[in-house]
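Structural overview
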Amino acid sequence: MHVHVRDNNVDQALRALKKKMQREGIFREMKLRRHFEKPSQRRKRERAEAVRRYRKLLRKRMDREGF
């Protein structure tokens, strides 16, 4: 991952780096890897996340269609 520093503006480059890392999901990955997660817990968490995403999609569809 590359971020260019222009005119010695490190703050702006750091902000761009954080934005890229957020988009890539690196912060989330680091948070998940802080502690060991048993495979059964991982499957359970991933299943719950999938359900959450699906319900969110349904809510958006319902709002768009006017229900």
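Here the structure is shown first, and the text comes after it.
Being a predicted model, the structure only gives us computed values, none of them experimental.

1. Brief notes about the overall build of the protein
Counting its secondary structure elements, the protein contains three helices and zero strands. Each helix (α) and strand (β) of the protein, taken in turn from the N terminus, gives the series α-α-α. Scaling as 2.2 N^0.38, a compact globule of 67 residues should have a C-alpha radius of gyration of about 11 Å, whereas the protein reaches 18 Å, well beyond that. Dimensions along the principal axes, computed over C-alpha positions, put the protein at roughly 50 × 40 × 15 Å. Taking all 67 residues of the protein together, the buried fraction comes to 4%. In the form shown here, the protein has an accessible surface area of approximately 7,000 Å², with 51% of it arising from carbon and sulfur atoms. Here the protein contributes 24 positively and 9 negatively charged side chains, and the mean placements of these two sets differ by 5 Å.

2. Focus: the pattern of salt bridges
Applying the stated criterion across every chain yields a total of five salt bridges. Two residues, R28 and E49, come together in a salt bridge whose shortest N-O distance is 2.4 Å. Of this pair, R28 sits in helix 2 (residues 26–32) while E49 sits in helix 3 (residues 39–65), and the two are 21 residues apart along the sequence. Exposure remark for R28: the relative accessible area of 46% places this residue in the partly exposed category. Residue classification places E49 among the buried residues on the basis of a relative accessible area of 15%. Linked through salt bridges whose partners overlap, the residues forming this network are R28, E37, R45 and E49.

3. With respect to helix 1 (residues 10–24)
Taking 1.5 Å per residue as the helical rise, helix 1 with its 15 residues ought to reach 21 Å, and the 21 Å between its terminal C-alpha atoms agrees with that figure. Once helix 1 ends, the next one or two residues include G25, with phi positive near 85°.

Thresholds, definitions, all that
- Residues numbered from 1 in each chain as written.
- Predicted model: local features only at pLDDT ≥ 70, side-chain atom pairs only at ≥ 80, totals over all residues.
- Heavy atoms only, no water.
- Helix = DSSP H or I, 4+ residues; strand = E, 2+ residues; numbered from the N terminus.
- Rg over C-alpha atoms; globule rule 2.2 N^0.38 Å.
- Buried < 20%, exposed > 50% of the residue type's maximum accessible area, 1.4 Å probe, protein only.
- Areas by Shrake-Rupley, 256 points an atom, 1.4 Å probe, with all protein chains shown as cover.
- Lys, Arg positive; Asp, Glu negative; His and termini not counted.
- Charge placed at Lys NZ, Arg CZ, Asp CG, Glu CD.
- Salt bridge = Lys/Arg side-chain N within 4 Å of Asp/Glu carboxyl O.
- Expected span 1.5 Å × (residues − 1).

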